[in-house]
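# Observations on the three-dimensional arrangement
Each chain is listed here by its residues.
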Amino acid sequence: MRVIEPLYAEILRRNQGEGEFHQAVREVLETLDPVLRQRPEFVDARIIERLCEPERQLIFRVPWADDSGDVHVNRGFRVEFSSVLGPYKGGLRFHPSVNLGIVKFLGFEQIFKNALTGMPIGGGKGGSDFDPKRRSDAEIMRFCQSFMTELHRHLGEYTDVPAGDIGVGGREIGYLFGQYRRITNRHESGVLTGKGVNWGGSQARTEATGYGCVLFTAEMLRSRGESLDGQRVAVSGSGNVAIYAIEKAQQLGATVVTCSDSDGYIVDEKGVDLALLKEIKEVGRGRISEYAERRGENVKFVEGAGVWNVPCDVALPCATQNELHEEDARTLVRGGVKAVAEGANMPTTPEAVRVFQEAGVAFAPGKAANAGGVATSALEMQQNASRDSWTFAHTEERLAEIMRHIHDSCYTTAERYGSPGNYVVGANIAGFELVADAMLAQGLI
Ligand code: NDP
């Protein structure tokens, strides 16, 4: 930590009030000591200082009118962190909690995650403090159009390629793409990913993050001589990532007994009825409490709490950052959890990660476990560039290969740097080396 402590102090000083960004940087820096000792050229070239300073940060006004004609003003963000491996790539988040620190934490993570996929994509992230909940389709459309009216000038298939994240799904990507096309007079498919499959989207993109997270979990269990078949699984959230994590876990023979939203969680001992969950969440845009009402007596809904006191073999946090705390981790360990994989970005607090690692639980950080989404976005860009579209089966097979590759590279890197079985160390060092080597090669820019 000789080099790292003064660096971290400087990052705190230069980025005040950005708690989530500090947390994400600290988590990476804490693991880099061994690589910096072996590769002093990274220190001499000030790679870390350069990586922690985004190449560009955009903050802009987003005015829009609601259905009653009342005017609202939101703030839009796009942080273009690193383009050393490819165009900036990373999602847009619409949630009232969004601020610069959150966008920077997500963008910083994205650099290493995208490197781990082995695809030619740089790191970026964006969004707005707009709250899409309980807004009509027309209001969502007007907001997206206003947001894109500013953002479009910074995008391009070789420049910056956003996708979805919390609060931004297929509907929002459609409105954003429509406005981009109208303003630029270009049908530039490769400028956004997560598009509808009949207008440039990729099969399996919707499923990719959740599927990838479960495939990564299966690889971790396999390396310990186990499988997902017959395991009891807890998933937090019930959005895009959670729903398709549940689907893949069920396909691999697991029973998912709980999931949640920001109101509370349900417990369904027979296994979550995915068709009902999709109908409530994807079609009706309803609340998780409806699931208990419609599924009947044997399902309970617990208001105002998270899923982590439901005993399970495998825990998949798929909702949001800092949603699994130290006490939750202790409860999960007492309940016999064997593996935890982050479908969301940074859902596990550093103290909770330590509890899992000390207890010998296989723990996969989000930058490895949820990289399947952005990897499939890169596959969507490949299809757009070649004006091709692949089958679901082919795309899913590519995703599975990529997740195996990410798993193996984290696993072997952790071993190589003296922390066998530590996927946090493996993911951070493997991602960092790829980015740092490219930065050295491209000179001081
Ligand atoms: P969605 O908006 O589809 O779903 C988010 C889910 O998390 C909802 O169930 C939501 O409940 C819940 N949630 C959000 N904020 C909170 C909160 N503060 N407290 C409790 N629950 C909350 O988002 P995604 O599924 O796309 O994203 C989930 C996570 O996965 C995020 O961390 C995102 O960054 C990450 N991720 C997403 C990728 C993707 O491809 N979509 C790729 C890689 C990572 P409610 O509806 O009540 O708000």
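Presented here is an overview of the structure given in this document. The shown structure was predicted, so the numbers you read here are calculated from the model rather than taken from an experiment.

### Describing the environment of aspartate 388
By the secondary structure assignment, aspartate 388 is in the loop between helix H16 (372–385) and helix H17 (392–416). Distance from aspartate 388 to glycine 169, taken between C-alpha atoms, is 23 Å for residues 219 residues apart in sequence.

### Quick look at the pattern of salt bridges
For the coordinates displayed, the defined rule picks out 38 salt bridges. Among the salt bridges present, the one from arginine 56 reaches glutamate 80, with a minimum N-O distance of 2.6 Å. Taken together, the residues arginine 56 in strand E1 (residues 56–65) and glutamate 80 in strand E2 (residues 71–82) connect sequence positions 24 residues apart. Taking the relative accessible area as the measure of exposure, arginine 56 reaches 40% and is therefore partly exposed. Across the pair glutamate 226 and lysine 338 runs a salt bridge, and its minimum N-O distance is 3.1 Å. Of this pair, glutamate 226 sits in the loop between helix H9 (205–223) and strand E6 (232–236) while lysine 338 sits in the loop between helix H13 (326–334) and strand E11 (339–341), placing them 112 residues apart in sequence. Judged by relative accessible area, glutamate 226 falls into the partly exposed class, the value being 33%. Taking relative accessible area as the criterion, lysine 338 reaches 26% and is therefore assigned partly exposed. If you follow the salt bridges from partner to partner, you end up with Arg39, Glu41, Arg416, Glu433 and Asp437 in one network.

### A closer look at the site of the ligand
Near the ligand you find 24 residues, and of these Asp165, Thr209, Ser262, Arg287 and Asn345 are the closest. In this structure, threonine 209 approaches the ligand through a side-chain N or O atom, which is 2.7 Å from an oxygen atom. Taking serine 262, its side chain carries an N or O atom lying 2.4 Å from an oxygen atom of the ligand. Protein chains shield 82% of the accessible area of the ligand, which is 890 Å² for the free molecule. Of all the secondary structure elements, the ones that give two or more residues to the shell around the ligand are H9, helix H10 (240–251) and strand E7 (255–261). Residues belonging to the shell around the ligand are distributed by class as follows: 5 nonpolar, 13 polar and 6 charged.

### Brief notes about the environment of leucine 12
Turning to its location among the elements, leucine 12 is positioned in helix H1 (residues 4–14). The spacing of leucine 12 and glycine 200 is 188 residues in sequence and 42 Å in space, taken between C-alpha atoms.

### A look at the packing of aromatic side chains
Each aromatic ring pair is summarised here by two numbers: the centre-to-centre distance and the angle between the ring planes. Tallied over the entire structure, the rule returns 18 aromatic pairs. A centroid spacing of 5.9 Å and a plane angle of 90° characterise the contact between phenylalanine 21 and phenylalanine 108, whose relative ring orientation is edge-to-face. Pair noted here: phenylalanine 21 is in helix H2 (residues 19–29) and phenylalanine 108 is in helix H6 (residues 100–116), with a separation of 87 residues, a long-range link. You'll find phenylalanine 21 and phenylalanine 108 in the same group, each marked buried. A network of ring pairs unites the aromatic residues Phe60, Trp64, Phe94, Phe130, Phe143 and Phe147 as a single cluster. For arginine 26, the ring lying beneath its charged end belongs to tyrosine 8, and the centroid distance is 4.6 Å. When the ring centre of tyrosine 211 is taken as reference, the NZ or CZ atom of lysine 248 above it lies at 4.5 Å.

Parameters at a glance
- Residues numbered from 1 in each chain as written.
- Predicted model: local features only at pLDDT ≥ 70, side-chain atom pairs only at ≥ 80, totals over all residues.
- Heavy atoms only, no water.
- Helix = DSSP H or I, 4+ residues; strand = E, 2+ residues; numbered from the N terminus.
- Salt bridge = Lys/Arg side-chain N within 4 Å of Asp/Glu carboxyl O.
- Buried < 20%, exposed > 50% of the residue type's maximum accessible area, 1.4 Å probe, protein only.
- Near = heavy atom within 4 Å.
- Polar contact = N/O pair within 3.5 Å; in protein donor to acceptor, adjacent residues only side chain to side chain.
- Areas by Shrake-Rupley, 256 points an atom, 1.4 Å probe, with all protein chains shown as cover.
- Nonpolar A, V, L, I, M, F, W, Y, C, P; charged D, E, K, R; others polar.
- Phe/Tyr/Trp six-rings, centres within 6.5 Å; stacked < 30°, edge-to-face > 60°.
- Lys NZ or Arg CZ within 6 Å of the ring centre and 35° of its normal.

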